[in-house]
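So the chains spell out like this:
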Amino acid sequence: MKAEDVLSILNPELQKKLAAKYDAAVPGMSESAVDWAYGMHYGREGVDLKTRQLCSIAALTAMGGHTGPQLAMNIEHTLNAGARPSEILEIIWQMAVYAGVPAALNGLNTAIAYFEEKGLDPRS
């Protein structure tokens, strides 16, 4: 899949948002990041988009609390890829085994706040 195809599912406005925030300071950053991450990685064959997104949730959770903004964005993407809030919470909680309870709690806090903001039932 091409980067544009992936973004049409996950977040159609992402490149525009990145460009508005970063391209004045780092020209071409948005195009480069989108082509690399969403075209060359998320768009690969072999694993469906929902699974790739759940892996992103796990990785960002394991990295710790400083990834909260990226985790929230990927929670949105993961929902758009077809995951349920309850699946996302289970993946985050699974990281308690590998990344520690504090990292998992930070991830759960980010996810629950996102679900509350969007009016989503975390058990759904």
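In every chain, residue numbers begin from 1 and rise along the written sequence. Note on the predicted model: pLDDT of at least 70 is required for a residue's local features to be given, and 80 or more for side-chain atom pairs to be given and counted; whole-chain, interface and lining totals, by contrast, use all residues. Heavy atoms from the whole structure form the basis of all side-chain values; hydrogens and water molecules are not counted.

### Some thoughts on the environment of Leu60
Numbered from the N terminus, helices here are DSSP runs of H or I no shorter than four residues, and strands are runs of E no shorter than two. By the element assignment, Leu60 lies in helix H4 (residues 49-63). Overall, the relative accessible area of 13% leaves Leu60 in the buried class. Residues Leu60 and Met95 lie 35 residues apart in sequence; the distance between their C-alpha atoms is 9.8 Å. Among residues more than four places away in sequence, those in contact with Leu60 are Thr67, Gln70, Leu71 and Asn74. Classification of residues uses two cut-offs on accessible area relative to the type maximum, computed with a 1.4 Å probe and protein chains only: under 20% is buried, over 50% is exposed, and between them is partly exposed. Any pair of residues with heavy atoms lying within 4.5 Å of one another is described as a contacting pair.

### Description of helix H3 (residues 29-41)
Its 13 residues give H3 an end-to-end C-alpha distance of 17 Å, which sits within 8% of 18 Å, the value for a rise of 1.5 Å per residue. Every buried residue of H3 is accounted for by Ser30, Val34, Ala37, Tyr38 and Gly39. Those residues of H3 that are buried are in contact with helix H1 (3-10), helix H2 (14-23) and helix H5 (68-80). What a helix is expected to span follows from its residue count: subtract one and scale by 1.5 Å.

### A short note on the nonpolar core
If you look at the biggest cluster of nonpolar residues, it comprises 14 residues, and the most contacted ones within it are Ile57, Ile75, Leu79, Ile88, Ile92, Ala111 and Phe115. Elements that contribute at least two residues to this core include exactly H4, H5, helix H6 (85-99) and helix H7 (101-118). In these notes, a set of buried Ala, Val, Leu, Ile, Met, Phe, Trp, Tyr and Cys residues joined through side-chain atoms within 4.5 Å is what counts as a nonpolar core. Formed by 12 residues, the second largest nonpolar core is a distinct cluster that contains Val6, Leu10, Leu14 and Val34.

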